[in-house]
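Coordinate analysis (summary)
Chain by chain, the residues run as shown.
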Amino acid sequence: MAIDHQGWLLAMLVAAAGTFGAIQLLLSRLRQLALDVPNHRSMHTAPVPRTGGWAIWAGVASALALSPVALRWDVALPFALLLTVSLMDDLKPLSARVRFLVQSLSVWLVLTALVPELVVWWLAPLVVVGIWVVNLYNFMDGMDGFAGSMTAIGFATLCGISFWKGNGELAGICAVIAVSSLVFLYFNLPGAKIFLGDAGSTVIGLAVFAVAVSGWSDEVFSPLVPLLVFAPFWVDATWTLLKRIRKGERWWEAHRQHYYQRTALKIGVGKTLRREVIVMAGLSVTAVALVVSGLQ
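I will try to describe carefully the structure that is included in this document. (Residues numbered from 1 in each chain as written. Predicted model: local features only at pLDDT ≥ 70, side-chain atom pairs only at ≥ 80, totals over all residues. Heavy atoms only, no water.)

Side note on helix α10 (residues 231-246)
To keep it simple, the criterion reads: Per the convention used, a helix needs a DSSP run of H or I reaching at least four residues, while a strand needs a run of E reaching at least two, with both numbered from the N terminus. Multiplying 1.5 Å by the residue count of a helix minus one yields the expected span of that helix. Each residue's exposure class comes from its accessible area (1.4 Å probe, protein chains only) as a fraction of the maximum for that residue type: buried when under 20%, exposed when over 50%, partly exposed otherwise.
Given a rise of 1.5 Å per residue, 16 residues ought to cover 22 Å, and the 22 Å separating the end C-alpha atoms of α10 matches this to within 8%. Within the sequence span of α10, burial applies to Ala-231, Pro-232, Phe-233, Asp-236, Ala-237, Thr-240, Leu-241 and Arg-244. Once α10 finishes, Gly-248 follows within two positions and takes phi at roughly 75°, a positive value.

Listed below in structure tokens is the structure:
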């Protein structure tokens, strides 16, 4: 299948412009709309808008509407559902039960849309994995520049691999998300002016899961590839969760026990981010090497 390079280039430009324009609006006229007020568990000291995810998805949605890909309603629906509830949660916190139900439904809808032939005994375990991916992205969004860097590097890597394998649609979608994330990252680096918020972190988590499932289903890459690329997030989040459960702590509550949080408190956010980015880049290069060499 031929790849429409010009069409995807236009989409990436629209993604960048849309995200940048939305952030400018959210930091000016709408700055007070949804503020993240710091508490004793926070890594920041002054109120910061948690509307960055709104800007990312404004840019991504605009780009995909003009892109060469034909948007499928059954794939767009779960993203719209989760985004709507997460937007509401950014404005006024919703109950954990409501959020969990919507997350579960969204993951299930993604799976049934992307892999309709999936046998029933695979469905439940994959729904659990999807819910965890959605939440771990939210758990790990606690340090300036961290989630934005992981999103930009992770999706750029999967874009390159998909392009190498000739899957232009998957490569283009990953490129659009990576570009929007880069624009957001500019405003989210240490001394952040804006945060992702739930609308950013949870829906990006769903996008990671959807791209991983799609790449696996279309035989673009094995499940090991996204696992390796996003390891800085899922390893830290999973290990920390298991430790908190073992200690009998209230594991669902916010805390400062993730590795990146403990490191940031010791050596500072800037140095910690640089270390994490080096790890992200190294794992991404490893994933690309495995694919190019034919091992994955």
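As for a nonpolar patch on the surface
Under the convention used in this document: The patches reported here contain residues having more than 30% relative accessible area and no salt bridge. Joining distances are 9 Å for like charges and 5 Å for nonpolar side chains (Val, Leu, Ile, Met, Phe, Trp, Tyr). Per-residue and other accessible areas follow the Shrake-Rupley method at a 1.4 Å probe size, with only the shown protein chains counted as cover for residues. Each salt bridge in this description consists of a side-chain nitrogen of Lys or Arg and a carboxyl oxygen of Asp or Glu lying within 4 Å of one another.
On the surface, Leu-25, Leu-30, Leu-33 and Leu-91 cluster together into a nonpolar patch covering about 320 Å² of accessible area. By the element assignment, Leu-91 lies in helix α3 (residues 73-91). Residue Leu-91 is classed as partly exposed on the basis of its relative accessible area, which comes to 47%.

Points about the pattern of salt bridges
Considering all chains together, one arrives at two salt bridges under this definition. Notably, a salt bridge pairs Asp-74 with Arg-72, separated by 2.8 Å at the nearest N-O pair. Notably, a salt bridge pairs Arg-99 with Asp-89, separated by 3.8 Å at the nearest N-O pair. Of this pair, Arg-99 sits in helix α4 (residues 96-114) while Asp-89 sits in helix α3, and the two are 10 residues apart along the sequence. Judged by relative accessible area, which is 9%, Asp-89 ranks as buried.

A word on the packing of aromatic side chains
This is how the line gets drawn: Pairing of aromatic rings covers Phe, Tyr and the six-membered ring of Trp, with a centre-to-centre limit of 6.5 Å; geometry is then stacked below 30 degrees between planes, edge-to-face above 60, and tilted otherwise.
A complete count under the given rule lists six aromatic pairs for this structure. Ring geometry for Tyr-186 and Phe-187: centres 5.1 Å apart, planes at 90°, overall edge-to-face. The exposure class assigned to Phe-187 is buried, which follows from its relative accessible area of 6%.

Thoughts on unusual backbone geometry
Note: most residues except glycine have negative phi, and most peptide bonds are trans. Not every positive phi belongs to a glycine, and Glu-219 is a case in point at roughly 60°. Mapping Glu-219 onto the fold places it in the loop between α8 (197-217) and α9 (224-229).

Here's the deal with empty space enclosed by the protein
Threshold: Site definitions follow a grid-based scheme: protein atoms alone, a 1 Å grid, a 1.4 Å probe that fits but cannot get out for cavities, and for pockets an open set with protein on both sides within 12 Å along at least five of seven lines, plus lining residues having an atom within 4 Å of a point. Grid points are joined across faces, edges and corners, and a volume is the space filled by probe spheres set on the points. When residue character is reported, Ala, Val, Leu, Ile, Met, Phe, Trp, Tyr, Cys and Pro are called nonpolar, Asp, Glu, Lys and Arg charged, and the others, Gly included, polar.
Overall, the coordinates contain one cavity of 30 Å³ or more when judged by the stated rule. Taken as a whole, the largest cavity holds about 60 Å³ of empty space. Together, Leu-82, Val-85, Ser-86, Asp-89, Arg-99, Gln-103, Asn-138, Asp-198 and Thr-202 line the largest cavity. The element contributing the most residues to the lining of the largest cavity is α3, with four residues. Looking at the lining of the largest cavity residue by residue, the classes come out as two nonpolar, four polar and three charged.

Brief notes about the environment of Gln-32
Among the secondary structure elements, Gln-32 is positioned in the loop between α1 (5-27) and β1 (35-36). Taking relative accessible area as the criterion, Gln-32 reaches 60% and is therefore assigned exposed. Each C-alpha atom of the pair Gln-32 and Pro-47 lies 9.5 Å from the other, and the pair is 15 residues apart in sequence.

Structural notes on the side chain of Asp-89
Put simply, the test is: Polar contact is the term for a pair of N or O atoms within 3.5 Å; when the atoms are in protein, one must be able to donate a hydrogen and the other to accept it, and sequence-neighboring residues count only if both atoms are side-chain atoms. Note on definitions: a residue-residue contact is assigned when non-hydrogen atoms from the two residues lie within 4.5 Å.
Side-chain polar atoms of Asp-89 contact the backbone nitrogen of Leu-94, separated by 2.6 Å. The contacts of Asp-89, once residues within four sequence positions are left out, are Leu-94, Arg-99 and Asp-198.

Considering the layout of surface pockets
When its volume is computed, the second largest pocket comes out at roughly 780 Å³. Along its surface, the second largest pocket is lined by 26 residues, and Leu-64, Leu-71, Val-75, Phe-79 and Ile-173 are the ones closest to its centre. Residue assignment for the lining of the second largest pocket shows that the elements contributing at least two residues are α2 (52-66), α3, α7 (168-188) and α8. The biggest single contributor to the lining of the second largest pocket is α8, with six residues. Grouping the amino acids of the lining of the second largest pocket by side-chain chemistry returns 20 nonpolar, three polar and three charged.

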